[in-house]
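Examination of the molecular architecture
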Amino acid sequence: MGTEQLVSRSATETRNGYHLVGDGHRKVMVLHGWLSDAGSWSAVWQTVDRHAFTWCFMDARGYGLSRARRGAYTMAEIAQDALAVADSLGWREFSLVGHSMTGLAIQRTLLAAPDRIRALVGVTPVPASGGGLVGERRVLFDRAVRDVEARAAIIDRSTGSKRGELWARSLAERSFACSETDAVRGYLDSWADGDFHTEILGNPVPVGVIVGAYDPSLTERRMAETWLSWYPNSCLNVLNSSGHYPMDEQPCTLTHSIDKMLVNHVANVGG
């Protein structure tokens, strides 16, 4: 992809940093997960439809192009930052894609500005009931705030141990290189412990959910019991050769799934 097709903007005092791809009339904001930044979507940048869509891959505070921007590090704050970036781009209406923890952030954005959100797509997304981390799993995630080995263990387990230790370690090291520890700590508490699902019950917005067959936690069954149960206009797609990080594992397949949901599903429910 040529440099003329990718525009990157660092954070300012009033908005987060982002990468902008494409110039289409359909606007999409993409938010990253807990152990990654917007750059983790770089393989997807190569495959998105840049003519029908304009894609904004935003960095949360404490990550990537927004690494120096301090804050409360909550899902609600990410939602407000996404709206601020949309305002700066002149976007009145747009769709949202959120990976993992930002499955919560896109729902917070919907609650904050329901008249502006055309559709939601959650990629291996945490439901509005929170992360459900208990016992030894919570201990591991707490340790991962400062421990690269713990991050590698989480990445390996959440991809079904299908990619190998070196692959998991490389993603863990990348996550340390692109984030601030205080931000990682704050966001963990926000996405793991929050529960606001009663606020979104029955919301008619078109919703697409994408999971990886190798993800042992955010499973097809869990999505059916949460996202699909709570949003009446929702659909699900399972990526059979992926785990929790399809933007790294199957970027082309992920792009196709997102595009199909934003075009076909939104149209089918009248969005």
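Throughout what follows, the structure given in this document is the object of discussion. This one's a predicted model, so the numbers in the text were calculated from it and none came from an experiment. (Residues numbered from 1 in each chain as written. Predicted model: local features only at pLDDT ≥ 70, side-chain atom pairs only at ≥ 80, totals over all residues. Heavy atoms only, no water.)

1. Things to note about the overall build of the chain
Of the regular secondary structure elements, the chain holds eleven helices and eight strands. A compact globule built from 271 residues should have a C-alpha radius of gyration of about 18 Å, and the chain, at 17 Å, falls within 12% of that. Going through the 271 residues of the chain one by one, you find that 54% of them count as buried. Contacts in the chain between residues at least 24 apart in sequence constitute 78% of all its contacts with a sequence separation of at least 6. (Helix = DSSP H or I, 4+ residues; strand = E, 2+ residues; numbered from the N terminus. Rg over C-alpha atoms; globule rule 2.2 N^0.38 Å. Buried < 20%, exposed > 50% of the residue type's maximum accessible area, 1.4 Å probe, protein only. Contact = heavy atoms within 4.5 Å.)

2. Description of helix H5 (residues 148-158)
Residue pairs spaced three or four apart in an α-helix point in one direction, given the helix's 3.6 residues per turn. Among the residues of H5, Val148, Ala150, Arg151, Ala152, Ile154, Ile155 and Ser158 are the ones counted as buried. Those residues of H5 that are buried are in contact with helix H4 (135-144), helix H6 (165-177) and helix H7 (181-193). Looking one or two places after H5, you find Gly160, whose phi comes out positive at around 70°.

3. Some thoughts on the pairing of strand E3 (residues 26-31)
In this structure, E3 lies alongside strand E4 (residues 53-58), joined through six bridges in parallel fashion. Within E4, the residue paired with Val28 across the bridge is Trp55. Of the strand pairs in this sheet, E3 and strand E5 (residues 94-99) are connected by four bridges, and their pairing is parallel. Residue pairing across strands places Val30 opposite Val97, the latter belonging to E5. (Pairing = 2+ DSSP bridges.)

4. Focus on the packing of H5 against H6
Look at H5 against H6: their axes get within 8 Å of each other, and the N-to-C directions meet at 125°. As summarised for this structure, H5 and H6 are arranged oblique, according to the angle between their axes. As H5 runs across H6, the sense of the crossing is right-handed. Listed contacts from H6 to Val148, Glu149, Arg151, Ala152, Ile155 and Asp156 of H5 are Trp167, Ala168, Arg169, Leu171, Ala172, Glu173, Ser175 and Phe176. Taken together, the residues of the contact of H5 with H6 sort by class into eight nonpolar, one polar and five charged. (Axes fitted to C-alpha atoms, helices over the stretch in contact; angles between N-to-C directions. Parallel < 35°, antiparallel > 145°, perpendicular 65-115°, else oblique. Left-handed = near helix turned anticlockwise from the far one by under 90°. Nonpolar A, V, L, I, M, F, W, Y, C, P; charged D, E, K, R; others polar.)

5. Focus on the pattern of salt bridges
Per the counting criterion, the structure on display carries 17 salt bridges. Between Arg185 and Asp189 there is a salt bridge whose closest N-O contact spans 3.0 Å. Of this pair, Arg185 and Asp189 both sit in helix H7, four residues apart, roughly one helical turn. Here the salt bridges share partners, and the residues they tie into one network are Arg138, Asp142, Arg185, Asp189 and Asp193. (Salt bridge = Lys/Arg side-chain N within 4 Å of Asp/Glu carboxyl O.)

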